[in-house]
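Residue-level structure breakdown
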Amino acid sequence: MAAKKACESFSKSLIEDVHKWGCMKQTGVSLRYMMEFGSKPTDRNLLISGQFLHKELPIRIARRAIELDTLPYGLSEKPAILKVRDWYLDSFRDLRSFPEIKDINDEKEFTQMIKAIKVRHNNVVPAMALGVQQLKKGMDPKIVYEDLDEIHQFLDRFYLSRIRIRMLIGQHVELHKPNPAPHVVGYIHTKMSPVEVAKNASEAARAICLREYGSAPDINIYGDPRFTFPYVPTHLQLMVFELVKNSLRAVQELFMYSDKVAPPVRIIVAEGIEDVTIKISDEGGGIKRSGLPKIFTYLYSTAKNPLDEYTDLGTDDRITMAGYGYGIPISRLYAKYFGGDLQVISMEGYGTDAYLHLSRLGDSQEPLP
Amino acid sequence: MAAKKASESFSKTLIEEVHKWGCMKQTGVSLRYMMEFGSKPTERNMLISGQFLHKELPIRIARRAIELESLPYGLSEKPAVLKVRDWYLDSFRDLRSFPEIKDTNDEREFTQMIKAIKVRHNNVVPMMALGVQQLKKGMDPKIVYEDLDEIHQFLDRFYMSRIGIRMLIGQHVELHNPNPPLHCVGYIHTKMSPVEVAQNASEDARCICLREYGSAPEVNIYGDPKFTFPYVPTHLHLMVFELVKNSLRAVQERYMDSDRVVPPIRIIVADGIEDVTIKVSDEGGGIPRSGLPKIFTYLYSTARNPLDEHSDLGTADTVTMAGYGYGLPISRLYARYFGGDLQIISMEGYGTDAYLHLSRLGDSQEPLP
């Protein structure tokens, strides 16, 4: 059971260190820089990268640990939140107690350590979701959760920061791989085909739909499969998967008991100069205009919440068609991470269009909340 | 030549009156109220309506007259803007000098007077556009016009207010029509078919395109022609016309010198509970994401500006495919007037989708900037 006050489990000097590092300036890294730097994974470069992360990661982690302690509405005291806070403090301690990285052996050990940190934080999203649920249960039902703007803004900053930390760690770890696939620089695929990724993500989403409903609408993809550009395939896969999953669910529920043929979900991949845009269109009945802002909040889901206080937040990874309502806001964070965006427009009574804008320029500095 | 200071052409007492009435509270009217009130155009109701307008119109007009005198960047001193200011002051004077409306004869005279006021203000939009152009010419070209946020916000308020004033006047005048068309209450058609209005507006837009380019892409409309709801057909016609005109132009310019089949513009009309949504989609190549905010500004157009300092702003009503760049921002004001909205999303390299949301509830108060 996590202690309510950090000072009960962690030393005073550590807490002071956290506050000191939490005030230091963060340094952003662009997709382009990661690509160029990572294309030459020499020992020397890995050493430089390790030394950079040794200084940068504690700053980012400390910032979040401080925020976790000062959340509004008593969110900071919820058991699940305390657990997450302790993960952040443990990771900060691991980083700060690691000695100066002087040679390639130090760097290899450091890489193992940050790999373990990443694993420690694997379940942060469901844990935070549980914390928010614990908060909702204790609150006056008359409070309109969507209005708890402070919490939403916090979660946006928090999850975006997490995406960045995991990207930096993951990229560094991947660069140690002796036989990388062609055209791949860590997590970045320099010749990623968005049409191909969309196909894979769609198939995965259809499989889930089939499993839950017994049938699934068709998905048609329009775009040049030979067109490629540099991006992080796992990010795109995650975003398209979420959007297609939502579209399939909407269409399936609308046409389940009808004789009419379910209209296909349509995906269009467009290449521009500034952006690659992926539109996912469905005729699943749409969302009313007054309800649209809610879909980007962290406290709203139209589905049965699979999490409850007794869920083991261990390694259960089963994905369902609808979860704790984080798919869309987090997809938007991934889109914004490299300078893109996600917009969702709906036509009530007809269907919904989601627009994923991915910046081609690659110069965007990471957003640093 | 309009005098620079209002005090040079208008009496001191009038100017004081303007300032007094400009501070009074405006009263908004909803579409539903206009419909219910106007469905019984008895002499008594016309008297009530006339008396309401006799008090309400001077408040709205005075507010705008005051704003016109205090615009930033020297916009207030431009000849075209001074002309508009004088129109507003003349109209204010006409209203204030009209005696108390005591019976139906007074009310009829009042109706003639406000009809004349509406005619006086017919060319306000091109005149203000000219004023803005006069401002641009005199400004440092290095200034990014889209950044002149104060001016944009002023113009949004100004034009929205104008829409409201003209709706109130027009509605009152129309209710005197002895033989109103079936199902019409003034400007409001209680059984308007959006599919039908979209068809008419599209045909008009195609005509202009044919005239200018010699050919025009097809426009396909999807939706139930039997579906109707209460709205102002002239407003919807104006908005759909603008959007289709822009789409036709984009597609035409993209495919003009090509052998490929010209993709049609597609319009979808969806009826929901809260909204009727009309989507206008084209494959005209799209707009880069960085360029999208500009399309809603009043100082931007991708086409040659047909207005210049020497235009006769008399009765020339020729509509061209691209004008002084006001179509989209003003269409959005019309959409918002009764609680709706206009959103534009683009896929660079592919095409653009415009979403017109029209509120079905009719309860929205007019916006009163």
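Cut-offs used in this document
- Residues numbered from 1 in each chain as written.
- Chains lettered and ligands numbered in written order.
- Predicted model: local features only at pLDDT ≥ 70, side-chain atom pairs only at ≥ 80, totals over all residues.
- Heavy atoms only, no water.
- Helix = DSSP H or I, 4+ residues; strand = E, 2+ residues; numbered from the N terminus.
- Buried < 20%, exposed > 50% of the residue type's maximum accessible area, 1.4 Å probe, protein only.
- Contact = heavy atoms within 4.5 Å.
- Axes fitted to C-alpha atoms, helices over the stretch in contact; angles between N-to-C directions.
- Parallel < 35°, antiparallel > 145°, perpendicular 65-115°, else oblique.
- Nonpolar A, V, L, I, M, F, W, Y, C, P; charged D, E, K, R; others polar.
- Left-handed = near helix turned anticlockwise from the far one by under 90°.
- Buried area = accessible area lost by both parts, 1.4 Å probe.
- Salt bridge = Lys/Arg side-chain N within 4 Å of Asp/Glu carboxyl O.
- Polar contact = N/O pair within 3.5 Å; in protein donor to acceptor, adjacent residues only side chain to side chain.
- Core = buried A, V, L, I, M, F, W, Y, C linked by side-chain atoms within 4.5 Å.
- Pairing = 2+ DSSP bridges.

1. Considering the side chain of Q171 of chain B
Residues and elements named next belong to chain B.
- Turning to its location among the elements, Q171 is positioned in helix α8 (residues 149-174).
- On the basis of relative accessible area, Q171 is assigned to the buried category, the value being 5%.
- Aside from chain neighbours lying at most four places away, what touches Q171 is M34, V185, G186, Y187 and I188.

2. Observations concerning the packing of helix α7 (residues 124-138) of chain A against helix α8 (residues 149-174) of chain A
All names here are of chain A.
- As a packed pair, α7 and α8 sit with axes 12 Å apart at the nearest point and diverge in direction by 170°. What the angle tells us is that α7 and α8 run roughly antiparallel. Here V124, V125, M128, A129, V132 and L135 of α7 lie close against α8, whose contacting residues are I151, F154, L155, F158, Y159 and R162.
- The residue inventory of the contact of α7 with α8, partitioned by class, reads 11 nonpolar, no polar and one charged.

3. Some thoughts on the packing of α8 of chain B against helix α11 (residues 327-337) of chain B
Residue and element names in this part refer to chain B.
- Remark: α8 packs on α11, axes separated minimally by 10 Å, with the N-to-C direction vectors making an angle of 55°. By the angle class used here, α8 and α11 are oblique. Seen along the crossing, α8 lies across α11 with a hand that is right-handed. Touching D156, Y159, M160, I163, G164 and M167 of α8 are I330, L333, Y334, R336 and Y337, all from α11.
- When grouped by side-chain class, the residues that make up the contact of α8 with α11 number eight nonpolar, one polar and two charged.

4. Comments concerning helix α3 (residues 31-38) of chain A
- What α3 of chain A keeps buried is the set L31, M34, M35, F37 and G38 of chain A.
- Against α4 (43-69), α8, β1 (184-185), β2 (188-192), β4 (229-231) and α11 (327-337) of chain A lie the buried residues of α3 of chain A.

5. Focus on the interface of chain B and chain A
- Chain B puts 28 residues into the contact, and the matching count from chain A is 28 residues.
- Summing both partners gives a buried area of about 2,300 Å² for chain B against chain A, and 51% of it is carried by carbon and sulfur.
- Together, R289, M347 and E348 of chain B form the three largest contributors to the area buried by chain B at its contact with chain A, with a combined 32%.
- Linking chain B with chain A are four salt bridges.
- Where D353 of chain B meets K279 of chain A, a salt bridge forms, and the shortest distance between an N and an O atom there is 2.6 Å.
- Counting the contacts that link chain B with chain A gives 20 residue pairs in polar contact (both at pLDDT 80 or more).
- Mapped by element, the contributors of at least two residues to the side of chain B that touches chain A are β5 (265-271), β6 (275-282), β7 (341-347) and β8 (351-359) of chain B.
- The dominant element in the side of chain B that touches chain A, judged by the number of residues it contributes, is β7 of chain B, at five residues.
- In terms of residue class, the side of chain B that touches chain A is made up of nine nonpolar, 10 polar and nine charged.

6. Thoughts on the environment of A201 of chain B
Residue and element names in this part refer to chain B.
- Mapping A201 onto the fold places it in helix α9 (residues 194-213).
- Residue class for A201 comes out buried when judged on its relative accessible area of 0%.
- Taking C-alpha positions, A201 is 4.8 Å from F241, a pair spaced 40 residues apart along the chain.
- Setting aside anything within four residues of it in sequence, one finds A201 in contact with H237, V240 and F241.

7. Comments concerning the nonpolar core
- M128, Y159, L236 and L356 of chain B are the most contacted members of the largest nonpolar core, which has 102 residues in total.
- At 12 residues, the largest contribution of residues to this core is made by α8 of chain B.
- If we skip the residues at most four places from it in the chain, M128 of chain B touches L68, V81, V84, F154, L155, F158, Y159 and Y326 of chain B.
- Of all hydrophobic cores here, the second largest spans 100 residues; its members include I114, M128, A129 and V269 of chain A.

8. Observations regarding the pairing of strand β2 (residues 188-192) of chain B
All names here are of chain B.
- Judged from the two bridges that link them, strand β1 (residues 184-185) and β2 form a sheet pairing that is antiparallel. From the neighbouring strand, V185 faces β2, where its bridge partner is I188.
- The hairpin turn running from β1 into β2, its antiparallel successor, is two residues long, and G186 in that turn takes a positive phi close to 65°.
- One ladder, built from two bridges, connects β2 with strand β4 (residues 229-231); its direction is antiparallel. Residue pairing in the sheet places M192 in a bridge with F229 of β4.

9. Quick notes on unusual backbone geometry
Residues and elements named next belong to chain A.
- Phi is positive for Y73, which is not a glycine, with a value near 60°.
- Secondary-structure assignment places Y73 in the loop between α4 and α5 (79-96).
- Although it is not a glycine, H183 sits at a positive phi angle of roughly 70°.
- Topologically, H183 is positioned in the loop between α8 and β1.
- Using a relative accessible area of 44% as the deciding quantity, one classes H183 as partly exposed.

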